[in-house]
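# Observations on chain architecture
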Amino acid sequence: MSNLDTKNTPVLQRLFGTSKPIIGMVHVLPLPGSPYYRNGSLQAVYDQAVEEALILEEGGVDAILLENAGDIPFRKPDDIGFETVGAMSVIGDRIRRATKLPLGFNIVANAAKASLACAKSSGAQFVRVNQWANAYVANEGIIEGASAQAMRYRRELDAEDIVVLADVHVKHGSHAIVGDRDIEDQARDVEFFGADILIATGTRTGHPTAPAEVKQIRAGAVGPILVGSGFSSDNAAELLSVADGAIVGSYVKGNGKMHGDRVVLAKVQALMDAVRKVR
């Protein structure tokens, strides 16, 4: 287990100020070097990311998670460019200065070291890593667990205060490689390899997480579990009855999708109203 578990205050309360946190996603627009980046639009990318972070904060979420969601198709971790780390670090720094919320990074696909570098350089508190242990077949090809390299890199950066959120059965891929091992065992692996908080998801971005999957992870895990996809006002009560919090992104967009629209304050507020009724 992580050294964070030796501290007296539970990790969710210490990091987010609540035992049932809701983390709002900022899906960053295409960055330089990615296929859909518009030349000369970097300042607009920065501005929209800060604007959406401020809306999420006003709407009442407990933390913000940044993802380079516009950089599709995503590269494998070793192919992530310095330009991505540089731009995301600038965004993180601007959001940290503009808001008072805890901040995290998820550089995709599965770029744990890049996420840690961004977090360290911008003063963020946590990272999300989709494949922390074992391996799966993603849209990008075979993605291997990042924990061994990431834990050592975190130590090198003197960044052991940065909390690791890790998926157990990550969306957007096939898990045939570990098909002979149940989700309980995979949850044990993720925790054993040092993740502080586990994440349960559906099969795709925006796809509702099944309560049964959260329960399977719970059977193998000791630490807290967050819902990582498909969280909404309609299922908040059910999912928070089995999980310890959630990450939300697509649902609070105007179109309900990851791309093509912005975060809407009224949708964030409605979601948080539903959350407050059950936590």
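About the cut-offs
- Residues numbered from 1 in each chain as written.
- Predicted model: local features only at pLDDT ≥ 70, side-chain atom pairs only at ≥ 80, totals over all residues.
- Heavy atoms only, no water.
- Core = buried A, V, L, I, M, F, W, Y, C linked by side-chain atoms within 4.5 Å.
- Buried < 20%, exposed > 50% of the residue type's maximum accessible area, 1.4 Å probe, protein only.
- Helix = DSSP H or I, 4+ residues; strand = E, 2+ residues; numbered from the N terminus.
- Contact = heavy atoms within 4.5 Å.
- Pairing = 2+ DSSP bridges.
- Patch = residues over 30% accessible without salt bridge, like charges linked within 9 Å, V, L, I, M, F, W, Y side chains within 5 Å.
- Areas by Shrake-Rupley, 256 points an atom, 1.4 Å probe, with all protein chains shown as cover.
- Salt bridge = Lys/Arg side-chain N within 4 Å of Asp/Glu carboxyl O.

## Considering the nonpolar core
One finds Ile91 and Phe231 to be the most contacted residues of the largest nonpolar core, which totals 67 residues. Looking at which element gives the most residues to this core, the answer is helix 2 (residues 42–59), with seven residues. Each residue touching isoleucine 91, except ones within four places of it in the same chain, is listed here: Val28, Leu31, Val45, Tyr46, Ala49 and Leu66. If you look at the next biggest cluster of nonpolar residues, it comprises 15 residues, including Leu15, Phe16, Ile23 and Leu226.

## Some thoughts on the sheet that holds strand 8 (residues 173–174)
Two modes of strand pairing occur in sheets, parallel and antiparallel, and in both the strands are linked by backbone hydrogen bonds. Taken in spatial order, the three strands make up an open sheet running 6-5-8, and their pairing is antiparallel. Of all strands in the sheet, those with a lone pairing partner are strand 6 (141–144) and strand 8, marking the two edges. By the bridge criterion, four bridges tie strand 5 (residues 135–138) to strand 6 in an arrangement that is antiparallel. Residue pairing in the sheet places valine 137 in a bridge with isoleucine 142 of strand 6.

## What to know about a nonpolar patch on the surface
Taken together, the side chains of Val137, Ile142 and Ile177 present a nonpolar region at the surface, about 240 Å² in accessible area. Mapping valine 137 onto the fold places it in strand 5.

## Notes on the pattern of salt bridges
The tally for this structure, following the rule as stated, stands at 13 salt bridges. Measuring nitrogen to oxygen at the nearest pair gives 3.7 Å for the salt bridge that ties glutamate 83 to arginine 75. A relative accessible area of 40% places arginine 75 in the partly exposed class. Note that arginine 188 and aspartate 185 form a salt bridge whose closest N and O atoms lie 2.8 Å from each other. On the criterion of helical spacing, the pair formed by arginine 188 and aspartate 185 is a turn pair, its members being three residues apart in helix 6 (residues 183–192).

Purely spatial values, then, with no claim about function.
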